[in-house]
Amino acid sequence: MSLINGFPHDGVVTVNRVILKPEYSVEDLEERVAMLCENVKTYHSDTGFVGGFVALNSGNISNEGSAAGQAVESDLKDREALIITFWRSFEEHEESHKSDTFQPLFQDVLALCENGNEEIAYEMLWSGAAYSAEEAEQARAAKERAA
């Protein structure tokens with residue numbers, strides 16, 4: 001089972017980090033990113049785009065999962081978002097960004113950003129979905145037997 005259906009084992013993940021300028025709202029970001037994502041789905045689903053998501057900084061910092069002190073809340077709450085997309089190849093991703101329909105929408109998103117933009121491409125090393133309750137029970141039992 002894969003985490004992103006149709007995502008190849010040697011696919012590429014791109015990550016854009018957006019920090020909103022103070023004069024813009026999350027709603028501004030949602031509207032502009034929705035237009036951009038709809039464009040990518042429409043024009044690039046058959047030329048390399050596999051899927052994606054946008055995540056907003058909730059302000060929560062995990063004290064259980066962080067090694068850098070006992071933070072209370074991120075100061076980028078509701079200002080920082082990650083735009084994460086999944087592609088068959090980096091070359092197909094790059095071609096999509098050259099599109100005349102993509103560039104104006106991309107520029108609209110960049111206008112919101114106080115940090116400019118740097119889109120980093122990552123090669124997938126691992127992905128997976130959670131076990132079902134039955135599979136989790138079987139996995140725990142197998143570990144206990146092996147211990």
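Small disclaimer: the values here were computed from a predicted structure and weren't measured. (Residues numbered from 1 in each chain as written. Predicted model: local features only at pLDDT ≥ 70, side-chain atom pairs only at ≥ 80, totals over all residues. Heavy atoms only, no water.)

### Section: the overall build of the chain
On a plain count of helices and strands, the chain comes out with 4 helices and 4 strands. Reading the helices (α) and strands (β) of the chain from amino to carboxyl end gives β-α-β-β-α-α-β-α. Expected size for 147 residues packed as a compact globule is a radius of gyration near 15 Å; at 19 Å, the chain overshoots this value by more than 25%. When its C-alpha atoms are laid out on the principal axes, the chain stretches across 60 × 40 × 20 Å. For the chain, the proportion of its 147 residues judged to be buried stands at 30%. At a minimum sequence separation of 6, the contacts of the chain that also span at least 24 residues come to 81%. Put simply, the chain shows about 9800 Å² of open surface, and 52% of that area lies on carbon and sulfur atoms. Of the side-chain charges in the chain, 11 are positive and 27 negative, and the distance between the mean point of each set is 4 Å. (Helix = DSSP H or I, 4+ residues; strand = E, 2+ residues; numbered from the N terminus. Rg over C-alpha atoms; globule rule 2.2 N^0.38 Å. Buried < 20%, exposed > 50% of the residue type's maximum accessible area, 1.4 Å probe, protein only. Contact = heavy atoms within 4.5 Å. Areas by Shrake-Rupley, 256 points an atom, 1.4 Å probe, with all protein chains shown as cover. Lys, Arg positive; Asp, Glu negative; His and termini not counted. Charge placed at Lys NZ, Arg CZ, Asp CG, Glu CD.)

### Some words on helix H3 (residues 102-110)
Those residues of H3 lying buried are Phe102, Leu105, Phe106 and Val109. Within H3, the buried residues cover an arc of 100 degrees as seen down the axis, which keeps them to one side. In this structure, the buried residues of H3 make contact with helix H1 (26-44), strand S3 (80-87) and helix H2 (90-97). (Arc of directions from axis to C-beta.)

### Things to note about the packing of aromatic side chains
Within a pair of aromatic rings, the relevant descriptors are the distance that separates the centres and the angle that separates the planes. Under the criterion given, the structure shown has 4 aromatic pairs. Here Phe7 and Phe86 contribute two aromatic rings whose centre-to-centre distance is 5.2 Å and whose plane-to-plane angle is 85 degrees, an arrangement assigned as edge-to-face. Here the residue Phe7 occupies a position in the segment before strand S1 (12-19), and Phe86 occupies one in strand S3, the gap between them amounting to 79 residues. Residue classification places Phe7 among the buried positions, given a relative accessible area of 12%. When its relative accessible area of 6% is taken as the criterion, Phe86 is described as buried. Taking the centre distance of 5.3 Å and the plane angle of 25 degrees together, the rings of Phe102 and Phe106 count as stacked. With Phe102 and Phe106 both in helix H3 and 4 residues apart, the pair spans about one turn of that helix. Across this residue pair, the class does not change: Phe102 and Phe106 are buried. One aromatic cluster in this structure is built from Phe7, Phe53 and Phe86. (Phe/Tyr/Trp six-rings, centres within 6.5 Å; stacked < 30°, edge-to-face > 60°.)

### Looking at the nonpolar core
If you look at the biggest cluster of nonpolar residues, it comprises 17 residues, and the most contacted ones within it are Val18, Leu20, Leu29 and Leu36. Counting residues per element, this core draws most heavily on H1, at 5 residues. Ranked by size, the runner-up nonpolar core spans 5 residues in total, among them Val13, Val15, Ile84 and Phe86. (Core = buried A, V, L, I, M, F, W, Y, C linked by side-chain atoms within 4.5 Å.)

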